[in-house]
Structure formats: C-alpha cells, structure tokens
Amino acid sequence: MYFDLRLWQLTVGVRDRIAWSVVMGLASSVLGLARLAILGWFLALVLRGAPLADLVWPGVAAALAVLFRGVWDYWRTLTAHGTAARVQRDIRAQLFDRMLALGPACFAHARTGEITSAAIEGVEHLEIYFGRYLPQFFVAALTPLVIFAFVAFLDLPVALTLLGAAFFTLLAPSIFHHWDAKNSLARSRAYGDFGATFLDSLQGLSTLKSFGQSRARGELLAEKAAHLFRSTMWVLATNSLSRGITDTGIAVGAAAALGLGAYRVTQGQMSLEVLLIVLMLGVEVFRPLRDLRGLLHDGMLAQAAAGQVFDVLDRQPEVTDAAARPRDAAPLTPTISFDQVCFTYPGGRGEVHRGLSFEIAAG
C-alpha cells in the first residue's frame, strides 16, 4: 500500500481529525457487524420456518441498523471532506510561505507551469490522500482484527481464514509498489512538463505568432501530450494489476471461508445459523478493502505529486540577507541610502544593478 513517512509529517495539526476519521470508520464497521449479524439471525429464523410474529422484531432491528449505518456513513463522509479541505489549506499555506521566503531569485530560472502544477494539481492529490485514502488505509488494516475478535467466539478456524485472507489482500499489492511508484513518478513529471509547456505557450503566444513558430509549438505540445497519454496508460495498467490482486484476494478469501464453513456444518462442528452469521460478517471483513481498492489510484498519484510539493519546500534561498549589524546607542536618522550598489542573481547572465546610488530622506 502507499504510505509515506514524509507525507505523514505534513499531517501535523490534522492528525486528530485523521484519527477521528479512523474511529468513525471502525465504528461504521461495528455497525455493519450488528447489521449483518441481525440479517444472519433473520435468515436463520426464516430457514427454520419460524412464524411471522417471530420475524417482526428481527426485521425491524435490521431495518434500523441499515438506516443508522447510512446516517453514520454520511456523517463520516462530511468529516473526511472537512479534513481534506483543512489539509489543502495548510499545505498551500506552507507552499506560499516557502515561495515568499525563497524570493524571486529562486524562480528566475524555473518554469511557471511547474510551480503552478505543484501548488494546484499536487495539492489536490494530497487533499484526497489525507482526507480519504489515509483514514481508509488504517480502517482496512484494523477492521479485520475487530471482526476476528467477534467471529472467533463463533468459530475460530473460519475466523482465522477470514483474517489471513484480509491481510493478504491488504499487503499483496505492495509487491508491485516499486513499479507503481516508478510509473506514477514518470506520469507526474510528464504532466508537469506538459502543463509548463502549455502555460509557457499561452504566456508567449504573441511572440510565437510574431516569429511564425505556432505550428512548431503545436507539434511540440502534441508530442508532450502523447508522452503524457502513454505514461498515464502505464499508471492505469499497474493500478489495474493492483486492483486485480485485491479482487482475487477478496474472492479467494470469501470462497475459502465459505468452503471451510460448509465442511464444518456437514461434520456437525458448526450450526447452519452460525454459518449464515459468519458469512454475513465475512462481507464486512472485505468491505474496507474494497473501499481502499477504489482509492489505490489516488494514493499512487498522491505520492507522485508529493515530489513536486517537496521540490518547492526543499529549495534553499539563493540570495540571503546579511547578518544584522549591532545598532549604535545614538538615535538614527530614518534615511535609506544606496551607494554604488551592484547586484547579480546567482546564475544570471549579467548584473541587474550596476553603480546604483540614491537616497530616500525622512518623510
């Protein structure tokens, strides 16, 4: 799975909200357990031929559990969106503060599109990562343990089968993590390159038209768009492979639990009622994994986009102020004077100022 310690460092200030989202996800799983256990009990009564009067209260309880679960999931979704918006605001604030600290010299040789892509597209991916993917990752890892603790009281062998299948499904896609990360990084770079070239073309459109370079620039954009398309297809291919592994793990785990449970029923080691309840709970074991599977692509893109964000945050100012000189005890006249000042940007082609002299008097 896609978990990065450096990305986790960016969660300072919102970790309590992420933890609350995880708690809400686990509570949702517990509500799902209650709902499915009631449904299993209801089906067992139906199979035993219970009279209609005995089915009323289990049916009402199942309906109330479904309704309460829906309201809870709605609240959980709103909380996730709130967390994502706060993360987006905090990361953009860090980026803009860093850009101000770096000053214009640092970006004199940088492409506008690359910086814009980091501040907009990169942060958008991180918003989804912190608001939805990261809480779901913890929920998917903890829910099988919660359900195992419950199912183990009903039947330990089936509970162990479900637990093993759940953790295999959670961890197996990480085998291809390096391949996924490589393709995602290549796609992120291609996207940034295309965005920067496109923005440069718009900013210099009049110059391109004046020198008759419109067709050449269009061909360059088409080439970069094709490269972006190919890299995107590779990302989708590796993502489909990870999703296929997850789907396989879910299907095999459910089939194994069903087969083992049916065998134990035939051997008299488990009742049919317990089997129905266990199979219902098996659905809840794999539900967080299915939800996480839908977010794998976002997690992969977020780690690639984080490179653009960290590239800006890791930059060091090329021009630094000199250390402050000790002030005299005597009062100073509020006057600013420049006396034969020369200045050149690091890596610049020439002096920006040469022999600059002027004075700004008080007032």
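Provided above is the structure to which this section pertains.
Rules used throughout
- Residues numbered from 1 in each chain as written.
- Predicted model: local features only at pLDDT ≥ 70, side-chain atom pairs only at ≥ 80, totals over all residues.
- Heavy atoms only, no water.
- Helix = DSSP H or I, 4+ residues; strand = E, 2+ residues; numbered from the N terminus.
- Rg over C-alpha atoms; globule rule 2.2 N^0.38 Å.
- Buried < 20%, exposed > 50% of the residue type's maximum accessible area, 1.4 Å probe, protein only.
- Contact = heavy atoms within 4.5 Å.
- Areas by Shrake-Rupley, 256 points an atom, 1.4 Å probe, with all protein chains shown as cover.
- Expected span 1.5 Å × (residues − 1).
- Arc of directions from axis to C-beta.
- Salt bridge = Lys/Arg side-chain N within 4 Å of Asp/Glu carboxyl O.
- Axes fitted to C-alpha atoms, helices over the stretch in contact; angles between N-to-C directions.
- Parallel < 35°, antiparallel > 145°, perpendicular 65-115°, else oblique.
- Nonpolar A, V, L, I, M, F, W, Y, C, P; charged D, E, K, R; others polar.
- Core = buried A, V, L, I, M, F, W, Y, C linked by side-chain atoms within 4.5 Å.

Student: How do you make sense of the overall build of the protein chain when you look at a structure like this?
Tutor: Helix and strand counts for the protein chain come out as 10 helices and 2 strands. For the protein chain, the succession of helices and strands along the chain, N to C, is α-α-α-α-α-α-α-α-α-α-β-β. Taken over C-alpha atoms, the radius of gyration comes to 30 Å for the protein chain, far larger than the 21 Å a tight globule of 363 residues would show. Here the C-alpha coordinates of the protein chain stretch approximately 100 × 60 × 30 Å along the principal axes. Here the protein chain holds 363 residues, and the buried ones make up 39% of them. Sequence-distant contacts, at least 24 apart, represent 81% of the contacts inside the protein chain between residues at least 6 apart. Carbon and sulfur atoms make up 65% of the accessible area of the protein chain, which totals about 20,000 Å².

Student: What exactly am I supposed to notice about helix α5 (residues 156–171) here?
Tutor: One full turn of an α-helix is made of 3.6 residues, so residues set three or four places apart face in the same direction. Counted at 1.5 Å a residue, the expected span for α5 with its 16 residues is 22 Å, and the 22 Å between its end C-alpha atoms agrees. Buried within α5 are the following residues: Val-158, Ala-159, Leu-162, Leu-163, Ala-165, Ala-166, Thr-169 and Leu-170. Buried residues of α5, seen end-on, are gathered within an arc of 165 degrees and therefore sit on one face of the element. Of the exposed residues in α5, the ones pointing more than 90 degrees away from its buried face are Phe-168 and Leu-171.

Student: It is not clear to me how the pattern of salt bridges should be interpreted in this structure. Could you clarify?
Tutor: A pair can form between side chains of opposite charge whenever their charged atoms are brought close. Evaluated as defined, the whole model comprises 4 salt bridges. A salt bridge links Glu-351 to Arg-354; the shortest N-O distance between them is 2.5 Å. Residue classification places Glu-351 among the partly exposed positions, given a relative accessible area of 40%. The class for Arg-354 is exposed, based on a relative accessible area of 68%.

Student: Can you walk me through the packing of α5 against helix α8 (residues 214–266) in this structure?
Tutor: The relative placement of two packed helices is expressed as an angle between their axes plus a distance between the axes. At a minimum axis distance of 9 Å, the contact between α5 and α8 shows a crossing angle of 175 degrees. For the element pair α5 / α8, the angle class is roughly antiparallel. Listed contacts from α8 to Pro-157, Val-158, Thr-161, Leu-162, Ala-165, Phe-168 and Thr-169 of α5 are Thr-246, Gly-249, Ile-250, Gly-253, Ala-256, Ala-257, Leu-260, Gly-261 and Arg-264. Along the lines of polarity and charge, the residues of the contact of α5 with α8 split into 9 nonpolar, 6 polar and 1 charged.

Student: Just to check I follow, could you spell out the nonpolar core for this structure?
Tutor: Core analysis: the biggest nonpolar cluster contains 50 residues, and Leu-7, Ile-91, Leu-95, Leu-126 and Phe-130 have the highest contact counts within it. If you list the elements that add at least two residues to this core, you get α2 (15–47), α3 (52–106), α4 (112–154), α5, α8, α9 (272–293) and α10 (296–313). Counting residues per element, this core draws most heavily on α4, which supplies 14 residues. When near neighbours in sequence (up to four residues on either side) are disregarded, Leu-7 contacts Leu-126, Tyr-129, Phe-130, Gln-303, Ala-306 and Phe-310.

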